[in-house]
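# Structure at a glance
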Amino acid sequence: MQTPRVNQQTSTRGRRHLGLGHWSHPLLGCLVIDHAHDDRTGILRGLAPDVKKTNIGPSLSIPNTPPVAWLAPEKGGVEWTTDPASIEAAVPSADGAVSCP
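All values derive from a computational prediction rather than experimental measurement. (Residues numbered from 1 in each chain as written. Predicted model: local features only at pLDDT ≥ 70, side-chain atom pairs only at ≥ 80, totals over all residues. Heavy atoms only, no water.)

### Details of the overall build of the protein
Just so we agree on the cut-off: Counting from the N terminus, the helices are the DSSP runs of H or I reaching at least four residues and the strands are the DSSP runs of E reaching at least two. Here the accessible surface of atoms and residues is derived via Shrake-Rupley with a 1.4 Å probe, and residues count as covered only by protein chains that are part of the display.
Looking only at helices and strands, the protein has one helix and seven strands in total. When its helices and strands are written in sequence order, the protein yields α-β-β-β-β-β-β-β. Counting every atom, the protein has about 7,100 Å² of accessible surface; 55% of that belongs to carbon and sulfur.

If you want it as structure tokens, here you go:
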């Protein structure tokens, strides 16, 4: 049995590999600001590779590419991706800690 490949570049930044190409992030499920897209706000839905090809068949491997942040509009709509370094919590608490459900 083969051991899954882990992208060492991202695993050394304090993120934990969750499987199937997804990574942990302290803001998962939280409202965030995307500074790369005109300070647009959305819910961080995941941190996973962005697959550029449009293959509608089953995927047999996980892309070996850096993860991107997957964001969804707060009131529904089309998701978008952005660089994980360009997001921050939309509503930090007074002590600077992240506040989200």
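### A word on the sheet that holds strand S4 (residues 40–49)
Stated formally: Note on pairing: two strands pair once DSSP finds at least 2 bridges between them. Between N-to-C directions, angles span 0 to 180 degrees; the directions come from axes that are lines fitted to C-alpha atoms, helices contributing only their stretch in contact.
Reading across from one edge, S6-S5-S4-S3-S7 is the order of the five strands in this open sheet, with antiparallel pairing throughout. Each edge of the open sheet is held by one strand with a lone partner, namely strand S6 (80–82) and strand S7 (87–89). The sheet shows a mean angle of 50° between the axes of neighbouring strands, direction not considered. Where S4 lies against strand S5 (residues 67–72), six bridges are found, and the strand directions are antiparallel. The residue of S5 that forms the bridge with Ile43 is Ala72.

### Regarding the environment of Leu18
Heads up, the condition is: We call two residues in contact when some of their heavy atoms are within 4.5 Å.
Positionally, Leu18 belongs in strand S1 (residues 17–19). When the C-alpha positions of Leu18 and Ala48 are compared, they lie 9.8 Å apart, and in sequence the two are 30 residues distant. Beyond its immediate stretch of four places on either side in the chain, Leu18 contacts Trp23 and Ser24.

### Some points on the packing of aromatic side chains
Note the following rule: Only centres within 6.5 Å qualify two rings of Phe, Tyr or Trp (six-membered ring in Trp) as a pair; their planes then separate them into stacked at under 30 degrees, edge-to-face at over 60, and tilted for everything else. Comment: the charge-over-ring label is applied if NZ (Lys) or CZ (Arg) is within 6 Å of the ring centre and within 35 degrees of the ring normal.
Here the structure, examined in full by the defined rule, presents zero aromatic pairs. Between Arg40 and the ring centre of Trp80, over which it is positioned, the NZ or CZ distance is 3.6 Å.

### Re the confidence of the model for the protein
Counted only if it meets this: On a scale of 0 to 100, pLDDT captures the predictor's confidence in every residue.
Per-residue confidence for the protein gives a mean pLDDT of 77, with 68% of residues at or over 70. A low-confidence stretch, residues 1–12 (pLDDT under 50), is modelled with eleven contacts involving residues beyond four sequence positions or located in other chains.

### Digging into the pairing of S4
Heads up, the rule is: Burial status follows relative accessibility: with a 1.4 Å probe on protein chains alone, a residue under 20% of its type maximum counts as buried, one over 50% as exposed, and anything between as partly exposed.
With respect to burial, S4 is a largely interior element, seven of its ten residues being buried. Where strand S3 (residues 31–34) lies against S4, four bridges are found, and the strand directions are antiparallel. The partner of Asp34 across the bridge, within S4, is Arg40. Two successive antiparallel strands, S3 and S4, enclose a turn made up of five residues, where Asp38 displays a positive phi of approximately 55°.

### So, the side chain of Asp34
Our working definition: Charged residues are defined here as Lys and Arg on the positive side and Asp and Glu on the negative side; His and the ends of the chain fall outside this count. Salt-bridge detection follows one rule: a side-chain nitrogen of Lys or Arg within 4 Å of a carboxyl oxygen of Asp or Glu. Pairs of N or O atoms are called polar contacts if they sit within 3.5 Å, as long as, within protein, a hydrogen donor faces a hydrogen acceptor (for residues adjacent in sequence, only side-chain-to-side-chain pairs).
Tracing the sequence through the fold places Asp34 in strand S3. Here Asp34 is buried and forms no salt bridge, its nearest opposite-charge partner Arg40 lying at an N-O distance of 6.6 Å. In this structure the side chain of Asp34 is engaged in a polar contact, spanning 3.3 Å, whose partner is the side chain of Ser86. For Asp34, the contacting residues outside a window of four places in its chain are Asp39, Arg40, Leu71, Trp80, Thr82, Ser86 and Ile87.

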